[in-house]
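Chain by chain, the residues:
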Amino acid sequence: MSDKGAENSPIDREARLRRLRFRAWHRGIKEMDLILGHFADQVLDSIPDEEIDQLESLLEVEDTALYNWITGRENTPPQHDTALLARIRTFQHMKGPLWQR
């Protein structure tokens, strides 16, 4: 079974996205649940595999450190200072009907 296409099948991608969405909504602190959960809900279905890899890497980071990077309280290490993290920092995914009440 050396078919490289099998490892990136639509089924595998969907399972990966479901796992990421769950992990984004089930963090250690509620603030990160809200930030990452809403971001995942809004963008996961449309981002390329490279950004999915980056999100997986970010989700491995301890909540307090990641929160401090997102809010600018601490400098982000170069390996995590990506365009994806910059998009999360904009909080645009937090705007919408739910937040305008």
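Conventions used here
Residues numbered from 1 in each chain as written. Predicted model: local features only at pLDDT ≥ 70, side-chain atom pairs only at ≥ 80, totals over all residues. Heavy atoms only, no water. pLDDT = per-residue confidence, 0-100. Contact = heavy atoms within 4.5 Å. Salt bridge = Lys/Arg side-chain N within 4 Å of Asp/Glu carboxyl O. Helix = DSSP H or I, 4+ residues; strand = E, 2+ residues; numbered from the N terminus. Buried < 20%, exposed > 50% of the residue type's maximum accessible area, 1.4 Å probe, protein only.

Participant: Could you clarify how one ought to interpret the confidence of the model for the protein in this entry?
Facilitator: Note: predicted coordinates in regions of low pLDDT should not be interpreted at a detailed level. Considering every residue of the protein, the mean pLDDT works out to 86; 83% of them sit at 70 or more. Within the model, pLDDT remains below 50 along residues 1–6, and this stretch shows one contact once partners closer than five positions in the same chain are excluded.

Participant: I'm lost on the pattern of salt bridges in this one. Help?
Facilitator: Two side chains carrying opposite charge are able to pair once their charged atoms lie near each other. The tally for this structure, following the rule as stated, stands at nine salt bridges. With its nearest N and O atoms 2.2 Å apart, the salt bridge here joins Arg-16 to Asp-53. Pair noted here: Arg-16 is in helix α2 (residues 10–25) and Asp-53 is in helix α4 (residues 49–59), with a separation of 37 residues, a long-range link. Of the residues examined, Asp-53 reaches a relative accessible area of 42% and is grouped as partly exposed. Between Arg-16 and Glu-56 there is a salt bridge, and its shortest N-O distance comes to 2.7 Å. Here Arg-16, found in helix α2, pairs with Glu-56, found in helix α4; they are 40 residues apart in sequence, far enough to count as distant. Take Arg-16: its relative accessible area is 16%, and that puts it in the buried class. In this structure, a network of salt bridges that share partners links the residues Arg-16, Asp-53 and Glu-56.

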